[in-house]
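# Chain and residue survey
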Amino acid sequence: TLINQQKEDLQNLSNLKTEVLSVISHDMRSPLASLEGILRLFENDAIDPEDVGDLIKQVRPNIIQTVNQLEDVLSWVKAQIKENTVNFKTTLVDSLAEKTLNWVRLNAQKKGVKLIKEVDDTISILGDPNLLEIILRNLLNNAVKFSKKNDSVTLFAYQENNQICIGVKDTGIG
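The notes below deal with the structure included here. These numbers come from a predicted model, not from an experiment.

The subject of this paragraph is the packing of helix H1 (residues 2–43) against helix H4 (residues 129–145). Between two packed helices, both the angle of their axes relative to each other and the distance between the axes serve to describe the pair. H4 packs onto H1 with a crossing angle of 45 degrees between their chain directions and a minimal axis gap of 10 Å. Considering their axes alone, H1 and H4 lie oblique with respect to each other. In this structure, H1 crosses over H4, and the sense of that crossing is left-handed. Where H1 approaches H4, its residues Leu16, Val20, Val23, Ile24, His26 and Asp27 are matched on the opposing element by Leu131, Ile134, Arg137, Asn138, Asn141, Asn142 and Lys145. Among the residues making up the contact of H1 with H4, the classes are represented as six nonpolar, four polar and three charged.

Here it is, written out as structure tokens:
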């Protein structure tokens, strides 16, 4: 019946929102914890004032990334509340891949992990670009997180028959 279908649709949307919030909170925890640690050291006079500038330079890109991510999520949530639908549009996978790789590039560089993009630049996909970016960012963050120095993380996309495959592979553990 129509009521059962609407109930199922609402449950699916609720599950999606819960998953997205879980991913976002996970992605934001580390940069904010780093900033909190620096502030605690500074507050307890456990850090030389001359070193504060260097620490801020190290943490600032992560904080900027987190703020931008939060703005993206807030925009996406506003759209979901207004429309209660996913915002489907055609998106070039290559530009989505590049944008997503830029989010994790700093963390990968700090760990000595090589990021590789193997994406056919002619492939486009119909989907919600913000949601796709959140999913890819989570996969990439986890791949980098569990990789060691000199490991590599590859974001790939290819078309086979009428299907598009997008994925992340790494040489790390797990």
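This part takes up H4. Helix length check: H4 (17 residues) gives 24 Å between terminal C-alpha atoms against 24 Å at 1.5 Å per residue, within 8%. Within H4 the residues assigned to the buried category are Pro129, Leu131, Glu133, Ile134, Leu136, Arg137, Asn138, Leu140, Asn141, Ala143 and Val144. For H4, the N-terminal capping position is held by Asp128, with its side-chain oxygen 3.0 Å away from the main-chain nitrogen of Asn130.

Scoring rules and cut-offs
Residues numbered from 1 in each chain as written. Predicted model: local features only at pLDDT ≥ 70, side-chain atom pairs only at ≥ 80, totals over all residues. Heavy atoms only, no water. Axes fitted to C-alpha atoms, helices over the stretch in contact; angles between N-to-C directions. Helix = DSSP H or I, 4+ residues; strand = E, 2+ residues; numbered from the N terminus. Parallel < 35°, antiparallel > 145°, perpendicular 65-115°, else oblique. Left-handed = near helix turned anticlockwise from the far one by under 90°. Contact = heavy atoms within 4.5 Å. Nonpolar A, V, L, I, M, F, W, Y, C, P; charged D, E, K, R; others polar. Expected span 1.5 Å × (residues − 1). Buried < 20%, exposed > 50% of the residue type's maximum accessible area, 1.4 Å probe, protein only. Polar contact = N/O pair within 3.5 Å; in protein donor to acceptor, adjacent residues only side chain to side chain.

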